[in-house]
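In case you want the letters, here they are:
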Amino acid sequence: MKAVLTGDIVNSRAFMGWQDALIEVLNRYGSSPKTWEIFRGDSFQLIVDAALALEAAIHIKSVIKSNAAIDVRIAIGLGECSYDADQITLANGSAFIHSGTAFDAIKNRTLVLQSANEQLDETLNLMLSLASLTMNQWPPVTAQIVKARLEEPQLNQTELSQKLDKAQSAISKALSRAGYDEIHSMLQYYTKKIETL
């Protein structure tokens, strides 16, 4: 099972440096144009294994929220990639259809998910709505610490504080403010549910 993330940068004209940061994080999940592409100026698409999708979305959000002026909206579509192509924007399948449909209906939300399982979608979208209440309010410093935590999960808080040149107490407080433990629990729940599909 695959996941297609369709997203766009909110308020993209407010800060012109977002594109390099987005390219850097997308490159962690594959290479352009087969795995990801930026199109229409401030929109993007990424395909990953379904189990990685939610973590990738939160990772992208932490990167983008590292600048206070902008945010990102992402729709995750779960399903198949029935037609593979050298460019992600030419590929097709239920994962792409679900992602596009979810993105078209995203309205004022910033993170949504759609699959063929309506019951799973309802549960996960409720969780994503609640998580977004916190994630949408991340200040840049908090977003940067979440980004570092996601990129270096093997580091403990002391090691992370040394890497970021911040006090360990500051790291702990930022992760607490970010709701990181709850987000981590949500990621574990998501992964467990995806394994049963």
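Placed above this text is the structure.
What you see is a predicted model, and the numbers here were worked out from it, not measured in a lab.

A separate point is the sheet that holds strand S4 (residues 71-79). Ordered by their spatial adjacency, 5 strands build an open sheet running S2-S3-S1-S4-S5, and the pairing between neighbours is mixed. The sheet terminates laterally at strand S2 (36-39) and strand S5 (111-114), the two strands that pair on one side only. Across the sheet, the axes of successive neighbouring strands diverge by a mean angle of 15 degrees, strand direction being ignored. As defined by bridge partners, strand S1 (residues 2-10) adjoins S4 across 9 bridges and the pair is classed as antiparallel. From the neighbouring strand, Lys2 faces S4, where its bridge partner is Gly79. Those strands touched by helix H1 (residues 18-27) are S1, S2 and strand S3 (43-49), and its axis lies near 160 degrees from that of S2.

Another point: the environment of Thr158. Positionally, Thr158 belongs in helix H6 (residues 157-164). As for Thr158 and Thr134, which are separated by 24 residues in sequence, their C-alpha atoms are 24 Å apart.

Taken as a whole and judged by the stated rule, the model has 7 salt bridges. Lys61 serves as the salt-bridge partner of Asp71, at 2.8 Å between the closest nitrogen and oxygen. Note that Asp71 is positioned in strand S4 and Lys61 in helix H2 (residues 53-64), a separation of 10 residues in sequence. On the basis of relative accessible area, Lys61 is assigned to the buried category, the value being 3%. Here the residues in one salt-bridge network are Arg28, Lys147 and Glu151, joined through shared partners.

Our next topic: H6. Here H6 starts with a cap whose side-chain oxygen sits 3.0 Å from the backbone nitrogen of Thr158, and that cap is Asn156. A positive backbone phi angle near 55 degrees is found at Asp165, which sits one or two residues after H6.

This part covers the pairing of S4. One face of the sheet, then the other: side chains in a regular strand alternate in exactly this way. Judged by how many residues are buried, S4 sits mostly within the fold: 8 of 9 residues are covered. Viewed along the sheet, the connection from S4 through helix H3 (residues 94-104) into S5 turns out left-handed.

A separate point is the packing of H6 against helix H7 (residues 168-177). Viewed as axis vectors pointing N to C, H6 and H7 meet at an angle of 105 degrees, and their least axial separation amounts to 8 Å. When the interaxial angle is binned, H6 and H7 end up roughly perpendicular. Note on element contacts: H7 touches H6 through Gln168, Ile171, Ser172 and Leu175, opposite Gln157, Thr158, Leu160, Ser161 and Leu164. Tallied by class, the residues present in the contact of H6 with H7 amount to 4 nonpolar, 5 polar and no charged.

Together, Leu126, Leu130 and Leu133 make up a nonpolar patch on the protein surface, roughly 340 Å² of accessible area in all. Position of Leu126 among the secondary structure elements: in helix H4 (residues 118-135).

So, about the nonpolar core. In this structure, Leu5, Ile60 and Ile76 are the most contacted members of the largest nonpolar core, which totals 51 residues. Counting residues per element, this core draws most heavily on H2, at 8 residues. Aside from chain neighbours lying at most four places away, what touches Leu5 is Phe44, Gln45, Leu46, Val48, Ala53, Ala56, Ala57, Ile60, Ile74, Ala75, Ile76 and Ser99. The next biggest cluster of nonpolar side chains, apart from the first, holds 7 residues, and it includes Ile47, Ala85, Ala91 and Ala95.

Right, let's talk about the pairing of S3 for a bit. Along S3, 6 of the 7 residues are buried, which leaves the element largely enclosed by surrounding structure. Strand direction decides the pairing type here: S1 and S3, joined by 7 bridges, are antiparallel. What sits directly across from Gly7, in S3, is Phe44. Across 4 bridges, S2 lies against S3 in antiparallel orientation. Note that in S3 the partner of Phe39 across the bridge is Ser43.

So, about the packing of H1 against H2. Orientation of H1 relative to H2, taken along the N-to-C sense of each, is 155 degrees, at an axis distance of 9 Å. In this view, H1 runs roughly antiparallel relative to H2, as classed from their interaxial angle. Handedness of the H1/H2 crossing: right-handed. For the pair H1 and H2, contact is made by Trp18, Ala21, Leu22, Val25 and Leu26 and by His59, Ile60, Val63 and Ile64, respectively. Here the residues of the contact of H1 with H2 are counted per class, giving 8 nonpolar, 1 polar and no charged.

Criteria and thresholds
Residues numbered from 1 in each chain as written. Predicted model: local features only at pLDDT ≥ 70, side-chain atom pairs only at ≥ 80, totals over all residues. Heavy atoms only, no water. Pairing = 2+ DSSP bridges. Helix = DSSP H or I, 4+ residues; strand = E, 2+ residues; numbered from the N terminus. Axes fitted to C-alpha atoms, helices over the stretch in contact; angles between N-to-C directions. Contact = heavy atoms within 4.5 Å. Salt bridge = Lys/Arg side-chain N within 4 Å of Asp/Glu carboxyl O. Buried < 20%, exposed > 50% of the residue type's maximum accessible area, 1.4 Å probe, protein only. Polar contact = N/O pair within 3.5 Å; in protein donor to acceptor, adjacent residues only side chain to side chain. Right-handed = clockwise from strand over helix to strand, strands pointing away. Parallel < 35°, antiparallel > 145°, perpendicular 65-115°, else oblique. Nonpolar A, V, L, I, M, F, W, Y, C, P; charged D, E, K, R; others polar. Patch = residues over 30% accessible without salt bridge, like charges linked within 9 Å, V, L, I, M, F, W, Y side chains within 5 Å. Areas by Shrake-Rupley, 256 points an atom, 1.4 Å probe, with all protein chains shown as cover. Core = buried A, V, L, I, M, F, W, Y, C linked by side-chain atoms within 4.5 Å. Left-handed = near helix turned anticlockwise from the far one by under 90°.

That's the geometry; what it means functionally is another story.
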